[in-house]
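Analysis of the macromolecular model
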Number of protein chains: 2
Amino acid sequence: MLLIMPMKNETILISHGAGGKQTRKLIEQIILKYFSDKILLPLPDAATVNITGVEICFTTDSYVVNPVFFPGGDIGKLAICGTINDLAVSGAIPLFISCAMIIEEGFSFLMFEKILKSMSKIAKKTGVRIVTGDTKVVDRGKGDGIFITTTGIGLKFKNVQLGKQFIKKGDAVIIGGVPGMHELSIICARENIKFKTGLKSDCAPLHQMIEEIFGVSKKIRFMRDPTRGGVSAVLNEIVSGADFGIEIYEDKIPLTKQVRSLCEILGFDILNLASEGNVVIIADSKDANSIVRTMRKNPAGKNASVIGFVTDEFCGKVILKTKFGSSRFIEMPAAGQLPRIC
Amino acid sequence: MLLIMPMKNETILISHGAGGKQTRKLIEQIILKYFSDKILLPLPDAATVNITGVEICFTTDSYVVNPVFFPGGDIGKLAICGTINDLAVSGAIPLFISCAMIIEEGFSFLMFEKILKSMSKIAKKTGVRIVTGDTKVVDRGKGDGIFITTTGIGLKFKNVQLGKQFIKKGDAVIIGGVPGMHELSIICARENIKFKTGLKSDCAPLHQMIEEIFGVSKKIRFMRDPTRGGVSAVLNEIVSGADFGIEIYEDKIPLTKQVRSLCEILGFDILNLASEGNVVIIADSKDANSIVRTMRKNPAGKNASVIGFVTDEFCGKVILKTKFGSSRFIEMPAAGQLPRIC
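In this text, all values refer to a predicted model and were calculated from it rather than measured experimentally.

1. Observations concerning helix H8 (residues 288-296) of chain A
Residue and element names in this part refer to chain A. Among all positions in H8, only Ala 288, Ile 291, Val 292, Thr 294 and Met 295 are buried. The arc that holds the buried residues of H8, viewed along the axis, is 160°, so those residues lie on one side. Lining the buried residues of H8 we find strand S8 (172-175), helix H5 (207-216), strand S11 (280-283) and strand S12 (305-311).

2. Concerning unusual backbone geometry
In this model, Asn 66 of chain A is joined to Pro 67 of chain A through a cis peptide bond whose omega is 5°. Within the element layout of this structure, Pro 67 of chain A appears in the loop between strand S2 (54-63) and strand S3 (69-70).

3. Details of the pairing of strand S13 (residues 318-321) of chain B
Residues and elements named next belong to chain B. Burial along S13 is one-sided: the residues Val 318 and Leu 320 are buried and none of Ile 319 and Lys 321 is. Pairing of strand S10 (residues 245-249) with S13, which is carried by four bridges, proceeds in the parallel orientation. The residue of S13 that forms the bridge with Tyr 249 is Lys 321. The hairpin formed by S13 and strand S14 (residues 327-330) contains five residues between the paired strands, and Gly 325 there has a positive phi angle of roughly 90°.

4. Regarding the environment of Ile 14 of chain A
Mapped onto the fold, Ile 14 of chain A is located in the segment before helix H1 (21-34). Classification of Ile 14 of chain A as buried rests on a count of 20 C-beta atoms within 10 Å. Taking C-alpha positions, Ile 14 of chain A is 19 Å from Glu 191 of chain A, a pair spaced 177 residues apart along the chain. For Ile 14 of chain A, the contacting residues outside a window of four places in its chain are Pro 339 of chain A together with Glu 105, Val 137 and Asp 139 of chain B.

5. Some thoughts on the sheet that holds strand S2 (residues 54-63) of chain B
All names here are of chain B. Ordered in space as S1-S2-S7-S5-S6, the five strands form an open sheet in which the pairing is mixed. Edge strands, defined here as strands with exactly one partner in the open sheet, are strand S1 (47-51) and strand S6 (129-138). Between one strand and the next, the sheet's axes are offset by a mean angle of 20°, whatever the strand orientation. Across five bridges, S1 lies against S2 in antiparallel orientation. Bridge pairing in S2 places Thr 48 opposite Cys 57. Contacts from helix H2 (residues 75-89) reach S2, strand S5 (92-104) and strand S7 (146-156) within the one sheet, and its direction differs from that of S7 by about 25°. Helix-sheet contacts for helix H3 (residues 109-126) involve S5, S6 and S7, and the interaxial angle to S6 is about 165°.

6. Thoughts on the domain arrangement of chain A
All names here are of chain A. If you check the domain split of chain A, you get domain 1 (44-156) and domain 2 (164-329). Using C-alpha coordinates to define each centre, domain 1 is positioned 24 Å away from domain 2. Facing 19 residues of domain 1, the contacting portion of domain 2 comprises 22 residues. Only helix H2 (75-88), strand S5 (92-104) and helix H3 (109-126) provide two or more residues apiece to the side of domain 1 that touches domain 2. Looking at the side of domain 1 that touches domain 2 element by element, the count peaks at seven residues for H2. Looking at the side of domain 1 that touches domain 2 residue by residue, the classes come out as 12 nonpolar, five polar and two charged.

Thresholds, definitions, all that
- Residues numbered from 1 in each chain as written.
- Chains lettered and ligands numbered in written order.
- Predicted model: local features only at pLDDT ≥ 70, side-chain atom pairs only at ≥ 80, totals over all residues.
- Buried ≥ 20, exposed ≤ 12 C-beta atoms within 10 Å, placed from the backbone.
- Helix = DSSP H or I, 4+ residues; strand = E, 2+ residues; numbered from the N terminus.
- Arc of directions from axis to C-beta.
- Contact = placed C-beta atoms within 7 Å.
- Pairing = 2+ DSSP bridges.
- Axes fitted to C-alpha atoms, helices over the stretch in contact; angles between N-to-C directions.
- Domains from an automatic or database assignment.
- Nonpolar A, V, L, I, M, F, W, Y, C, P; charged D, E, K, R; others polar.

Written out as structure tokens, the structure is:
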């Protein structure tokens, strides 16, 4: 067994929160030992719970992004969009959000208000209601500006059942747009790299586009937004323990010249980078074209593409066919390429 | 107007998170400017939302208590009990909890597991299910061990309507037990004050006791757990803007010798200190005795007492009749007496 239990004197590392192998190890070997509620498994973005016959999705995320303002958004927009998207990819209509803030003493009121304004703007635009919250202040040097935890409640779509157990050989793998835009924008903001062309985070709410997709296909099997760990983490989670593999084609992955050059310069694998306005969909290949057409009508899906298929070869593996005709395995990232991107 | 908008160069202070006047100012003047959803008002512990006819309570709190282990509990127990209690005092049966953790790099796995174990223990004991979560890790020096945000969903009791608008003159003010035990235990843990008698936090889930109370009285008007800002903050929030006052009697407030001496030595006002297993109830005075009897059957309510009444004098004010026959106003605490108690 590759994953080893922590030693008594081991401590938690940045990589445990980066969305890759170490995060999985932390969740599976430590957290699930105590929180072993069956509805938690197999680690969906949101839990589905039944309250007197009403099926509700319930999701939470803490946002610790650094810096809190970045091209294309800020921690507030990120938190609301992230929660909306987690509900949407779970097959639910986002309804209500709670917002708990941990603020470091000395954080400026102006920045605080700017963040609240941005949350309120997205909430109004999407019709999602921020209905309850909490504010804590911690001593200077015991926090980092502001951390925001948003929790969302959504109403499950009737007749939509998503899960990796529904995936069939031959299904298409669809992506909503150029991967990694969010993580690249954080890298640029953090390292003060500026581009004339203005690269920015793809951070956006996806629930409307996703609702439209459910309208054109009854054979959506699985959806996930590729945040921490990127497309690689999502696809590897899908094939983990499955009796199928996934094959994707390098030349089908939507890319811009700018993103390609930036990845080449910085030595990043685009498939490992986080998006915040992107989605990976597995659906019956017969419906793939109509799904892609529907997605392309939305700004968030204008580069939507079929990037591969579910195969009966290489079970449990993700394979990339390169532009040069060769093949390589895409692994679960060992750690996120950059910490604190969300 | 006493409360003044912050200046452009003002920053957030510890007192803004302490549950007193400054917290109220932050919420009313800044946060509600953006999160102006009407169901947020008048700042209940939980929002009540209606999903296809089902009334659900929804509450969130970040826990940043320092130290994370203290006599009578730890940050994990505190988070689960706090969320259960916020739902219970809102008139809901606690059902599901989400748990988002922000961990500082270098936090020990052993302590982490101890906290998870404690959360899991309380969840199992109470039948509340921890169904989803999130884990983020921040750099060393950018957090403080561990922060936990728990969000809870509860099913609203039918025929229970709570709110300060239902309070009537003559109603009784009931308290569940000795106030301030939680904050005093944190003070002792932080200052390394040790007592032979073993003072500890009252941190406990109250939902069962509260359910029993709803069983004996249909005239419960209002409930709140006196956490940050203590009993003073709860009572002042109740009378704020109301056409009634509240009169409480010093000799009716349940106290232990130990708590009284500790407050005298440290110069604390017991009414300003936080509890985590206590409840303030306003109910029809005719039902007061049966409510108190029911509470006393529970370990968390064994010192339950009627401590005062709603009056038509001194509207908008809380008055304490002292043991010596004199009277004084109880004010909303300017700030919590100690920061980071929850």
